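Structural description and commentary
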2 protein chains.
Amino acid sequence: MTIKVHGSPVSTASMRVFACLHEKGVPFEFVPVNLAVGEHKSEAFLSLNPFGQVPALQDGDLTLFESRAITNYIAHVYADSGNQLICKDPKKMAICSVWMEVEAHQFDPASSKLTWELCLKPLFGMTTDDAVVAEFEAKLGKVLDIYEARLSKSKYLGGDSFTLADLHHLPNMKYLMPSKAAQLFNSRPHVSAWAADILARPAWLKASGQ
Amino acid sequence: MTIKVHGSPVSTASMRVFACLHEKGVPFEFVPVNLAVGEHKSEAFLSLNPFGQVPALQDGDLTLFESRAITNYIAHVYADSGNQLICKDPKKMAICSVWMEVEAHQFDPASSKLTWELCLKPLFGMTTDDAVVAEFEAKLGKVLDIYEARLSKSKYLGGDSFTLADLHHLPNMKYLMPSKAAQLFNSRPHVSAWAADILARPAWLKASGQ
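Residues numbered from 1 in each chain as written. Chains lettered and ligands numbered in written order. Predicted model: local features only at pLDDT ≥ 70, side-chain atom pairs only at ≥ 80, totals over all residues. Heavy atoms only, no water.

**Considerations on a nonpolar patch on the surface**
What counts is decided by this rule: Think of a patch as exposed residues, more than 30% relative accessible area, with no salt bridge, where like charges cluster within 9 Å and nonpolar side chains (Val, Leu, Ile, Met, Phe, Trp, Tyr) cluster within 5 Å. Areas reported as accessible are Shrake-Rupley estimates using a 1.4 Å probe. Residue values count occlusion only from the protein chains shown. What counts as a salt bridge is simple: a side-chain nitrogen of Lys or Arg found within 4 Å of a carboxyl oxygen of Asp or Glu. Only runs of H or I of at least four residues qualify as helices and only runs of E of at least two qualify as strands under DSSP, and these elements are numbered from the N terminus.
A surface patch of nonpolar side chains, about 420 Å² in accessible area, is lined by Trp116, Leu123, Phe124 and Met126 of chain A. Mapped onto the fold, Trp116 of chain A is located in helix 4 (residues 90–123).

As structure tokens, this is what we get:
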């Protein structure tokens, strides 16, 4: 039975799941959820995810939500397909997990806020709040200082190879790289090289419709 | 070599790790980090966690930070000791992961804010902001409505047995249960029974110094 992903191509969380499925070469059916008309708050969608957020995944009788839980599931269940996105060695996996948590709790809060202010608000005809941008550029800059140190010693965040720890960053980076926040990445040599590398992955180009 | 946990008994993230180690019956050495004098921002601590946040764990030559990455590591590496905190079946594990992500992205933001306003600010002689409390009580209430529905069908969040998906909630619940926010839990019968159950676990009583 084909996996179904209920999501939206503009949602960063949905893109995270598309990227993972393309990396693994797992075929899936995309079921668009129209956020503009609030379809994610409909009874039908709430039966998939009671929190009313995209994406949701259906694999046979299994329904999952929360994008990072979905990518973990795909990476483990399809471990032998496509590109390896997790580590089998428990110590290496633990280091990967640390950087997956760093993405979720350090990178995502600052970068999502900047994506909203710099990229999505203008798209919706709303006004960017410059004070908020300055505050979160400073926060993201501090996070990326630590990434710069990490990436000067390790090619990828989780270790020597590309893993979910890197992949989870891609959607917010896609939004931010054409914005003024790109300088936060570009001014740090190791972060800049890492960003260019992972943004050019074939699976990501497919997932983000480029 | 004994595991070392660098942390603080008042830190919710540290308590999460202590709870996990006690559940697994894994001996560890507690290395106190004095947050009041900023020891978590010292060079020595930053070499363990560059983000300057407790806890950090050392297991031989492995250093980990981010509490949820640490609990995952302990639960996997010590899978056969103490109480089982993860599921071996990939589909069941995926459901557990969903609810671990829900804790991190839905429960924690609202409950941590309330812990700060209602419990920690008074402790530090600061004034609670009633408007912030009202806003985050409403947010936590909505999250707990979904927990009530989930727990009416499943004894624990991740499934039939207690797992990390439940354990990760304990530290904020410990702070909130003696506060006025307890009514958010107590007014929902299944949430209330679940809270009473998991807060009474022997490992948690040990971890939280009760």
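Structure shown, so let's carry the discussion forward.
**Thoughts on the relation of the copies chain A and chain B**
Using the following cut-off: Copies are brought into register by a least-squares superposition over C-alpha atoms of residues with pLDDT of at least 70 in both. Contacts are assigned to residue pairs with any non-hydrogen atoms lying within 4.5 Å of each other.
Superposing chain A onto chain B takes a rotation of 180 degrees combined with a translation of 0.0 Å along the rotation axis, leaving an RMSD of 0.0 Å. Here the two chains are linked by the operation of a two-fold rotation axis. Taken as a fraction of all interface residues of chain A, those also at the interface in chain B reach 100%, which identifies the copy contact as same-surface.

**Quick notes on the interface of chain A and chain B**
Put simply, the test is: Joining two parts hides part of their accessible area as seen by a 1.4 Å probe, and the buried area is that hidden amount summed over both. A 3.5 Å cut-off defines polar contacts: any pair of N or O atoms within that distance qualifies, except that in protein one atom must be a possible hydrogen donor and the other a possible acceptor, and neighbouring residues in sequence count only when both atoms are side-chain atoms. When residue character is reported, Ala, Val, Leu, Ile, Met, Phe, Trp, Tyr, Cys and Pro are called nonpolar, Asp, Glu, Lys and Arg charged, and the others, Gly included, polar.
Contact residues are listed per partner, giving 29 residues for chain A and 29 residues for chain B. In total, about 2,500 Å² of surface goes out of reach between chain A and chain B, with carbon and sulfur atoms giving 73% of it. Inspection of the region where chain A meets chain B yields two salt bridges. For Lys91 of chain B, the salt bridge identified is with Asp61 of chain A, shortest N-O distance 3.6 Å. One can count four residue pairs in polar contact (both at pLDDT 80 or more) joining chain A with chain B. Those elements that place two or more of their residues in the side of chain A that touches chain B are strand 4 (62–65), helix 3 (67–77), helix 4 and helix 5 (130–151) of chain A. The element best represented in the side of chain A that touches chain B is helix 4 of chain A, accounting for 12 residues. Residues that form the side of chain A that touches chain B fall into these classes: 18 nonpolar, five polar and six charged.

**Considerations on the UniProt feature "domain: GST N-terminal" (unreviewed entry) in chain A**
Just so we agree on the cut-off: UniProt positions are given in the numbering used here, feature names are shortened, and annotations may be inferred rather than shown by experiment.
Mapped onto this numbering, the UniProt entry annotates "domain: GST N-terminal" (unreviewed entry) at residues 1–82 of chain A. In this annotation, residues 1–82 of chain A is assigned 34% helix and 22% strand; the end-to-end C-alpha distance for the span is 19 Å.

**Section: the pairing of strand 3 (residues 56–59) of chain A**
All names here are of chain A. To be explicit about the condition: Here a strand pair is declared whenever DSSP counts at least two bridges between the two strands.
Across three bridges, the pairing between strand 1 (residues 3–7) and strand 3 is antiparallel. Residue pairing in the sheet places His6 in a bridge with Ala56 of strand 3. Examined bridge by bridge, strand 3 and strand 4 share four bridges and lie antiparallel to one another. Pairing of Gln58 across the sheet is with Thr63, part of strand 4. What sits between strand 3 and strand 4 in their antiparallel hairpin is a turn of two residues, with Gly60 showing a positive phi close to 65 degrees.

**Concerning the sheet that holds strand 1 (residues 3–7) of chain B**
Selection rule: Angles here are taken between N-to-C directions and fall from 0 to 180 degrees, while the axes themselves are lines fitted to C-alpha atoms, restricted in helices to the stretch in contact.
Spatial ordering of the open sheet is given by 2-1-3-4 (chain B), a layout of four strands whose pairing is mixed. On the outer flanks of this sheet lie strand 2 (28–32) and strand 4 (62–65) of chain B, each paired with one strand and no other. Looking at each pair of strands side by side, their axes are set apart by 20 degrees on average, direction ignored. Across the sheet, helix 4 of chain A lies against strand 3 (56–59) and strand 4 of chain B, angled at about 25 degrees from strand 4 of chain B, the strand it touches most. The strands that helix 3 (residues 67–77) of chain B touches are strand 3 and strand 4 of chain B; relative to strand 4 of chain B, the one it contacts most, it runs at about 130 degrees.

**Overview of helix 1 (residues 12–24) of chain B**
All names here are of chain B. For clarity, the cut-off: In this scheme, a helix's expected span is set at 1.5 Å multiplied by one less than its residue total. Using a 1.4 Å probe on the protein chains alone, a residue whose accessible area is under 20% of its type maximum counts as buried, one over 50% counts as exposed, and one in between counts as partly exposed.
Given a rise of 1.5 Å per residue, 13 residues ought to cover 18 Å, and the 19 Å separating the end C-alpha atoms of helix 1 matches this to within 8%. Counting buried positions along helix 1 gives 11 out of 13 residues, so the element sits mostly inside the fold. Considered for burial, the residues of helix 1 that qualify are Ala13, Ser14, Met15, Arg16, Val17, Phe18, Ala19, Cys20, Leu21, Glu23 and Lys24. Where helix 1 ends, the next residue or the one after it, Gly25, has phi of about 65 degrees, a positive value.

**Digging into unusual backbone geometry**
Note on backbone geometry: most residues besides glycine have negative phi, and most peptide bonds are trans. All names here are of chain A. Geometrically, the link from Val54 to Pro55 is a cis peptide bond, its omega value of 0 degrees lying close to zero. Checked against the element boundaries, Pro55 lands in the loop between helix 2 (43–46) and strand 3. Look at Glu66: it is not a glycine, yet its phi comes out positive at around 70 degrees. With respect to the helices and strands, Glu66 occurs in the loop between strand 4 and helix 3.

**Quick notes on the side chain of Glu148 of chain B**
All names here are of chain B. Mapped onto the elements of the fold, Glu148 is located in helix 5 (residues 130–153). Only 2.9 Å separates the side chain of Glu148 from the side chain of His190, close enough to count as a polar contact. Not counting chain neighbours up to four residues away, the residues in contact with Glu148 comprise Arg188, Pro189, His190 and Val191.

**Examining the nonpolar core**
Generally speaking, nonpolar side chains in soluble globular proteins are found buried as a group. Filter applied, for reference: What we call a nonpolar core is a set of buried Ala, Val, Leu, Ile, Met, Phe, Trp, Tyr and Cys residues that are connected through their side-chain atoms within 4.5 Å.
Within the largest apolar cluster, 128 residues are counted, with the highest numbers of intra-cluster contacts made by Trp99 and Tyr147 of chain A together with Trp99 and Tyr147 of chain B. Setting aside its immediate chain neighbours within four residues, Tyr147 of chain B contacts Phe51 of chain A together with Trp99, Val102, Glu103, Phe107, Leu157, His169, Val191 and Trp194 of chain B.

**Focus on the packing of aromatic side chains**
Let me state the cut-off plainly: When two rings of Phe, Tyr or Trp (its six-membered ring) have centres within 6.5 Å they constitute a pair, described as stacked for plane angles under 30 degrees, edge-to-face for angles over 60, and tilted for the intermediate range.
All told, the structure shown has 22 aromatic pairs over all chains when counted by the stated rule. Aromatic pair Phe18 of chain A and Phe28 of chain A: ring centres 5.9 Å apart, planes at 10 degrees, arrangement stacked. Taken together, the positions of Phe18 of chain A in helix 1 (residues 12–24) and Phe28 of chain A in strand 2 (residues 28–32) put the pair 10 residues apart, joining distant regions of the chain. Ring centres 5.3 Å apart and planes at 85 degrees place the aromatic pair Phe18 of chain B and Phe30 of chain B in the edge-to-face group. Note that Phe18 of chain B is positioned in helix 1 and Phe30 of chain B in strand 2, a separation of 12 residues in sequence. Taking the relative accessible area as the measure of exposure, Phe30 of chain B reaches 34% and is therefore partly exposed. Taken together, the aromatic side chains of Phe51 and Phe65 of chain A together with Trp99, Phe107, Tyr147, Phe185 and Trp194 of chain B make up a single cluster linked through ring pairs.

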